[in-house]
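Summary of the model geometry
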Amino acid sequence: MDRNYWERIAPNYSEEIFDVLKNDASGKIVGAIEEVASKEKTVTDIGCAIGKWIPLLATAFKYVVATDISAINLDIAKEKCKDYPNVEYQRMDMSAYTLTVTPCDVAVCINAILTDNLKKRINFFQSLNICLNQGGTLILVVPSLESKLYTNIIANRWNVDDDHKEKIESVEKAYALAKNIKQGVTDIDNVPTKHYLKEELELLLKLDGFTVDRVEKINYTWKTEFNNPPKWLDEPHPWDWMCVARKD
Ligand SMILES: C[S@@+](CC[C@H](N)C(=O)[O-])C[C@H]1O[C@@H](n2cnc3c(N)ncnc32)[C@H](O)[C@@H]1O
């Protein structure tokens, strides 16, 4: 999941990538943003992709710094959001070793820290800190490992959706899968993707200079995991983790 991957996806982004804003029926993420929003404050949208969150942010804040590793994504976002003059677009690799950023009062980072590469994740988390002013708020959404395992267990136990069966073509692939899962890396559409435990997320943020205010589930329907969810399958629904934290 390097820059090339995101540039390649960009032209078909809406078909390829899960839409968190559309699927968060609870409105918890929008609620968390609105709680801290102000026309006096600046906000950065880290990993903004094609700018789905920009209209909301540009309306609620004084100024938006929209950043992404993909230049094509940023061009699409710029075009789609041209009615919002208070948005600045910056191509930026949050996993880079050195970074020049415009620190803001609030940072929103929604399903952007997905890389299976540990060094890149370490750098990304450290960069979150420098993107914020002292006392600033981070709203972070990441895939949940608990949810992914729960889904896998259900798929396997009740044989839901044949396509949930893992296709393990080689010994190398089997070795990679086993090695990855121990690190919370598991495939989404055959792409190794980092998933997080709640406690892991809290620890990572604490060690990178944040105080965690709350971690909440962002629930989605079972249709987001299965083509044919069993009728008896109800709560808990699959989820991502949303974490609201303050820079110390
Ligand atoms: C799954 S998309 C989420 C997009 C958006 N936040 C949303 O919720 O609609 C992940 C985005 O993170 C960006 N990204 C991935 N790694 C990045 C990095 N190291 N630095 C900056 N952006 C990155 C990708 O280019 C992609 O646009």
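Residues numbered from 1 in each chain as written. Predicted model: local features only at pLDDT ≥ 70, side-chain atom pairs only at ≥ 80, totals over all residues. Heavy atoms only, no water.

Looking up the chain in an unreviewed UniProt entry gives the name Class I SAM-dependent methyltransferase, with the organism given as Lacibacter sediminis.

So, about the site of the ligand. Contacts to the ligand come from 17 residues, most closely from Gly47, Asp68, Asp93, Met94 and Ile110. In the environment of the ligand, a nitrogen atom lies 2.9 Å from a nitrogen or oxygen atom belonging to the side chain of Asp93. Measuring from a nitrogen atom of the ligand, one finds a backbone N or O atom of Ile110 at 2.9 Å. For the shell around the ligand, the class distribution of residues is 11 nonpolar, 4 polar and 2 charged. (Near = heavy atom within 4 Å. Polar contact = N/O pair within 3.5 Å; in protein donor to acceptor, adjacent residues only side chain to side chain. Nonpolar A, V, L, I, M, F, W, Y, C, P; charged D, E, K, R; others polar.)

So, about the side chain of Ser127. Secondary-structure assignment places Ser127 in helix H7 (residues 118–130). For Ser127, the side chain forms a polar contact with the main-chain oxygen of Met94, separated by 2.8 Å. The residues contacting Ser127, other than those within four sequence positions of it, are Met94 and Leu99. (Helix = DSSP H or I, 4+ residues; strand = E, 2+ residues; numbered from the N terminus. Contact = heavy atoms within 4.5 Å.)

This part takes up the UniProt feature "domain: Methyltransferase" (unreviewed entry) in the chain. Within this numbering scheme, the UniProt entry marks residues 43–136 as carrying the feature "domain: Methyltransferase" (unreviewed entry). Taken end to end, residues 43–136 is 32% helix and 29% strand, and its two terminal C-alpha atoms sit 10 Å from one another. (UniProt positions renumbered as here; feature names shortened; annotations may be inferred.)

The next subject is unusual backbone geometry. Going from Glu235 to Pro236, the amide bond is cis rather than trans, its omega being -5 degrees. Phi at Ala49 is positive, roughly 55 degrees, even though this residue is not glycine. In this structure, Ala49 sits in the loop between strand S1 (42–46) and helix H5 (54–60). Residues other than glycine seldom take positive phi values, yet Asn111 does so here, at roughly 45 degrees. As for its placement among the helices and strands, Asn111 is situated in the loop between strand S4 (104–110) and H7.

Here the focus is the pattern of salt bridges. If you walk through the whole model with that rule in mind, you get 10 salt bridges. For Glu79, the salt bridge identified is with Lys82, shortest N-O distance 2.7 Å. Salt bridges linked by common partners bring Lys28, Glu35, Arg214 and Glu216 together as one network. (Salt bridge = Lys/Arg side-chain N within 4 Å of Asp/Glu carboxyl O.)

Within the secondary structure layout, Pro143 lies in strand S5 (residues 132–143). Classification of Pro143 as buried rests on a relative accessible area of 6%. In this structure, the C-alpha to C-alpha distance between Pro143 and Tyr196, residues 53 residues apart in sequence, is 6.1 Å. Ignoring any residue separated from it by four or fewer positions in sequence, one finds Pro143 in contact with Asn111, Leu114, Lys194, His195, Tyr196, Asp240 and Trp241. (Buried < 20%, exposed > 50% of the residue type's maximum accessible area, 1.4 Å probe, protein only.)

Within the largest apolar cluster, 28 residues are counted, with the highest numbers of intra-cluster contacts made by Ile29, Ile33, Leu57, Tyr89 and Met242. Those elements that provide at least two residues to this core are helix H4 (28–36), H5, strand S2 (63–68), helix H6 (71–80), strand S3 (87–91), S4, S5 and strand S9 (239–247). Excluding residues that lie within four positions of it along the chain, Met242 makes contacts with Lys28, Ile29, Ala32, Ile139, Leu140, Val141, Arg214, Val215, Glu216 and Ile218. Counting residues in hydrophobic clusters, the runner-up holds 25 residues, among them Ile113, Leu128, Val142 and Tyr196. (Core = buried A, V, L, I, M, F, W, Y, C linked by side-chain atoms within 4.5 Å.)

Right, let's get into a nonpolar patch on the surface. A cluster of nonpolar side chains, contributed by Leu149, Ile153 and Ile181, occupies part of the molecular surface with about 250 Å² of accessible area. Tracing the backbone shows Leu149 in helix H8 (residues 145–157). Residue classification places Leu149 among the partly exposed residues on the basis of a relative accessible area of 36%. (Patch = residues over 30% accessible without salt bridge, like charges linked within 9 Å, V, L, I, M, F, W, Y side chains within 5 Å. Areas by Shrake-Rupley, 256 points an atom, 1.4 Å probe, with all protein chains shown as cover.)

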